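For reference, the chains in residue letters:
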Amino acid sequence: MCAPRAGANFMDRGAIMLNRRARILTICALALLTAAVACAQKKSVKFSKQKVAPGSNVVIIIDCPTNIQNVVLAKFMAKDYRVKAFNASDLYTMKDVFDIRDFKKLARKSPLGKDDLLINAQKAHDNLYKLSIYNYEMQKAETLGEMKDKHNVRYLILLELNDWERVSWGRAIDLASYELVWVENYPTRYRDNLESIVDHFIDSLAGM
Amino acid sequence: MKPAALFITALVLASLLGSPGTARADAAFGYLHNRSGNGNYDYLETIFPNSFASSISSLHDIVVLKPGIVDERLKKRGLALKKSYTPRELPKIADGAGADFFISGDFLPLPGNRIEIRLHICERKTREVFSFVNTGKMETEIFRLVERISAVVATYLRQDGLYKTRAIPAGTRVALISNLSGKELNRLYLPFLEKGFPVLCAQNNDIGEIDDGSRFSNLRYISTRTGSFAAPDDAPEAHFFHGPWNNAGFNRQVDETGRFFRLYDSGYVETKDKTLERFSKGFRDSVDVLLIVGFSEDRRTSWLRAIDMKDRNLMWMRSNIAPDSRFDDPVAAIGQKIADSMGTDTGPAPVR
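Residues numbered from 1 in each chain as written. Chains lettered and ligands numbered in written order. Predicted model: local features only at pLDDT ≥ 70, side-chain atom pairs only at ≥ 80, totals over all residues. Heavy atoms only, no water.

*Asks:* Just to check I follow, could you spell out the packing of aromatic side chains for this structure?
*Replies:* Considering all chains together, one arrives at 18 aromatic pairs over all chains under this definition. Summarising the aromatic geometry, the rings of A:W182 and A:F201 are spaced 5.7 Å apart at their centres and angled 85° between planes, so their arrangement reads as edge-to-face. Residue A:W182 is located in strand β6 (residues 179–187), and its partner A:F201 is located in helix α5 (residues 194–205); the two are separated by 19 residues in the primary sequence. With a centroid separation of 5.0 Å and an interplanar angle of 40°, the aromatic rings of B:F279 and B:F283 are classed as tilted. No difference in accessibility class separates B:F279 from B:F283, as the two residues are buried. Members of the aromatic cluster, each reached through a chain of ring pairs, are B:F101, B:F130, B:F132, B:Y156 and B:Y163. Here the basic side chain of B:K164 rests over the ring of B:W316, its NZ or CZ set 4.1 Å away from the ring centre. (Phe/Tyr/Trp six-rings, centres within 6.5 Å; stacked < 30°, edge-to-face > 60°. Helix = DSSP H or I, 4+ residues; strand = E, 2+ residues; numbered from the N terminus. Buried < 20%, exposed > 50% of the residue type's maximum accessible area, 1.4 Å probe, protein only. Lys NZ or Arg CZ within 6 Å of the ring centre and 35° of its normal.)

*Asks:* Sorry, what's going on with the sheet that holds strand β3 (residues 101–110) of chain B here?
*Replies:* The strands making up a sheet associate through backbone hydrogen bonding, with each pair oriented either parallel or antiparallel. Residues and elements named next belong to chain B. Across the sheet, 7 strands lie side by side as β2-β1-β3-β4-β5-β10-β9; this open sheet has mixed pairing. On the outer flanks of this sheet lie β2 (63–65) and β9 (222–223), each paired with one strand and no other. For strand β4 (residues 114–123) and strand β5 (residues 129–137), the ladder comprises 9 bridges, and the chain directions are antiparallel. Within the sheet, the bridge partner assigned to R118 lies in β5 and is V133. Helix α3 (residues 67–76) rests against β1 (26–34), β2 and β3 of the sheet, and its axis sits at about 100° to β1. Across the sheet, helix α5 (residues 142–158) lies against β1, β3, β4, β5 and β10 (227–230), angled at about 160° from β5, the strand it touches most. (Pairing = 2+ DSSP bridges. Contact = heavy atoms within 4.5 Å. Axes fitted to C-alpha atoms, helices over the stretch in contact; angles between N-to-C directions.)

*Asks:* Teacher, can you tell me more about the packing of helix α2 (residues 66–78) of chain A against α5(A) here?
*Replies:* Geometry of a packed helix pair, given as the angle between the helix axes and the separation of the axes. Residue and element names in this part refer to chain A. One way to put it is that α2 packs onto α5 with a least axis distance of 10 Å and a crossing angle of 40°. Here α5 runs oblique to α2, going by the angle between their axes. Relative to α5, α2 is oriented so that their crossing is right-handed. Every residue of α5 that contacts α2 at I68, V71, V72, K75 and F76 is listed here: L194, E195, V198, D199, I202 and L205. Taken together, the residues that form the contact of α2 with α5 break down as 8 nonpolar, no polar and 3 charged. (Parallel < 35°, antiparallel > 145°, perpendicular 65-115°, else oblique. Left-handed = near helix turned anticlockwise from the far one by under 90°. Nonpolar A, V, L, I, M, F, W, Y, C, P; charged D, E, K, R; others polar.)

*Asks:* I tried to follow the pattern of salt bridges on my own but got confused; where do I start?
*Replies:* It is possible for side chains bearing opposite charge to pair when their charged atoms get close. Counted under the stated rule, the structure contains 26 salt bridges over all chains. The partner of A:D203 in a salt bridge is A:K79, and the shortest N-O contact between them spans 3.9 Å. Here A:D203 is found in helix α5, whereas its partner A:K79 is found in the loop between α2 and β3 (82–83), with 124 residues between them in sequence. A:K79 gets classed as partly exposed once you look at its relative accessible area, which sits at 32%. Of the charged contacts, one joins B:E116 and B:R35 as a salt bridge, the two residues approaching to 3.2 Å between their closest N and O atoms. Taken together, the residues B:E116 in strand β4 and B:R35 in the loop between β1 and α2 (44–60) connect sequence positions 81 residues apart. Relative accessible area serves as the criterion here: at 19%, B:E116 is assigned to the buried category. Bridged by salt links that share partners, the residues B:R35, B:D106, B:E116 and B:R118 form one connected network. (Salt bridge = Lys/Arg side-chain N within 4 Å of Asp/Glu carboxyl O.)

*Asks:* What am I meant to see in the side chain of B:S131 here?
*Replies:* The topology assignment puts B:S131 in strand β5. The exposure class of B:S131 is buried, given its relative accessible area of 12%.

*Asks:* Looking at this model, I keep getting lost on unusual backbone geometry. Mind explaining?
*Replies:* A negative phi angle characterises most non-glycine residues, just as the trans form characterises most peptide bonds. Even without glycine at this site, A:N152 takes up a positive phi of about 55°. Along the chain, the position of A:N152 falls in the loop between α4 (122–151) and β4 (155–160). Phi is positive for B:R284, which is not a glycine, with a value near 55°. According to the relative accessible area criterion, B:R284 is partly exposed, its value standing at 43%.

*Asks:* In this structure, what is going on with the pairing of strand β7 (residues 174–178) of chain B? I would like to understand it.
*Replies:* On any regular strand, side chains alternate: one points to one face of the sheet, the next to the other face. All names here are of chain B. Taken across its 5 residues, β7 has 5 buried, putting it largely inside the fold. Burial of β7 is two-sided: the residues V174, L176 and S178 facing one way and the residues A175 and I177 facing the other way are all buried. In terms of strand pairing, β7 meets strand β8 (residues 199–200) through 2 bridges, oriented parallel. Bridge pairing in β8 links V174 to V199. Between β7 and its parallel partner β8, the chain crosses via helix α6 (residues 182–194), and the hand of that crossover is right-handed. (Right-handed = clockwise from strand over helix to strand, strands pointing away.)

*Asks:* Just checking my understanding: could you explain α6(B) for this structure?
*Replies:* Residue and element names in this part refer to chain B. Between the first and last C-alpha of α6 there are 19 Å, a value that for 13 residues agrees with the 18 Å anticipated at 1.5 Å per step. Along its length, α6 reaches its greatest deviation from straightness, about 25°, at L188, and the proline P191 lies no more than four positions downstream. Taken as a whole, α6 has its buried residues at G182, E184, L185, N186, R187, L188, Y189, L190, P191, F192 and L193. G196 lies just past α6 and shows a positive phi near 90°. (Expected span 1.5 Å × (residues − 1). Bend = angle between axes of the 7 residues up to and from the residue.)

*Asks:* Explain a positive patch on the surface to me, please; I cannot follow it from the model alone.
*Replies:* Residue and element names in this part refer to chain B. There is a patch of like positive charges on the surface, built from R73, K76, R77 and R124. Along the chain, R73 turns up in helix α3. With relative accessibility at 31%, the residue R73 sits in the partly exposed group. (Patch = residues over 30% accessible without salt bridge, like charges linked within 9 Å, V, L, I, M, F, W, Y side chains within 5 Å. Areas by Shrake-Rupley, 256 points an atom, 1.4 Å probe, with all protein chains shown as cover. Lys, Arg positive; Asp, Glu negative; His and termini not counted. Charge placed at Lys NZ, Arg CZ, Asp CG, Glu CD.)

Below, the structure is given as structure tokens:
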């Protein structure tokens, strides 16, 4: 009488065990996938087409408080780069001065597209958005051209510095050709500090 | 329970490891309208679509419906197959034809025994319309033209909206605009730089991202003289009463509104051409190709549009680009796929 019931219990227990195993396996697979993608995204990236040697005229754009900017700029100056004043010597921030040419980000709002318009302006509005992207890039290119011609800047260097477990990155543009000549993603290490990251980027730029 | 549990695990693993597949498409053909007004060419209105359908069916193994069958299907739904349609009408006809794609278009005989053929391909599911223009010689070379256009259509239907007019060899100077920024943008640039494509400083001098919510996806829709991809809007055509009874202030408002819509809607291609010309001058004519790459929010899929800056025409279009493995960094993998396929005639391999 008891044998089939015991068999059924055993089957149920087996199914529960299997379910648990399946769940654990699924969670492990998801964790593995997340970890793999996260690691892949934090991999270091480096490409250098030409050296940006000490002595070059450079503009450095870095989005951080002024005191940290000073540390970064001082590092470049100590290595003999000729750092042109761009967002370096200002008593005000770039945000206060520049509008569309501020090298920051695109942000625009327009009253078009409101529901109370007589006709559907969505398509025209979308087209206007697309044109604004092209215009924005074109105006930046013109500004970079002016930077080179009027202020004798050769390289524009962009940096973003991040803490441990995150990625610091940099890019350099040769304003003579408008070409990207150096890119680097540097996974910040535990023992890194502000100065060691900047030193790393300067060495990388100079091809050392 | 045991097989069910195993099945669920296998399904999860398969979905993690595998990639999305593509289904086989079928296409319905409408007529090709004779734009010349010369009745001597009217016979081509039926011959062209039938020839395209036969060629696509036999050479490219795609299921096709010829105009006669499409007309019968439409009649059952109280519609009739017309010789030409406005872009706005196409999704409704595509629904009526019952195929994945509805293809119609027009042609114009040109001086010098040449002919210009324009096709509109409307996808029933997305209601988006891809249009392209191809020009060739009549008479002896007409079959070659039919085969060439059939190949373009078949590639578009079978390979996730792929359209490419030519290969882009290493050394071509590329201005790249995307909705990535910072370290992600560096990972996208790397394969292009390593493949020997000079990347110009469009966008890459941004510290902040260019992405403005979902607005960047508007750039998926593109309009050029020889190729465009658009979602026809449903806005009704508005007719305004306008005449001597209107006062000057109202007339001025109407003029200003009209100018806005001429610039950014009906005459958008001309406006954009002028903008791209200024864009080119801004970069001192150093841009060969403008490459626009849009990523989904999770970065796992991407689309691209490429404009030839010499003639401002669409030269490459592709949707649904995805990494082959879910363990890869999607931005780097997609960038690698695009960079690898720059030099080929057909673009990245379709996702299978």
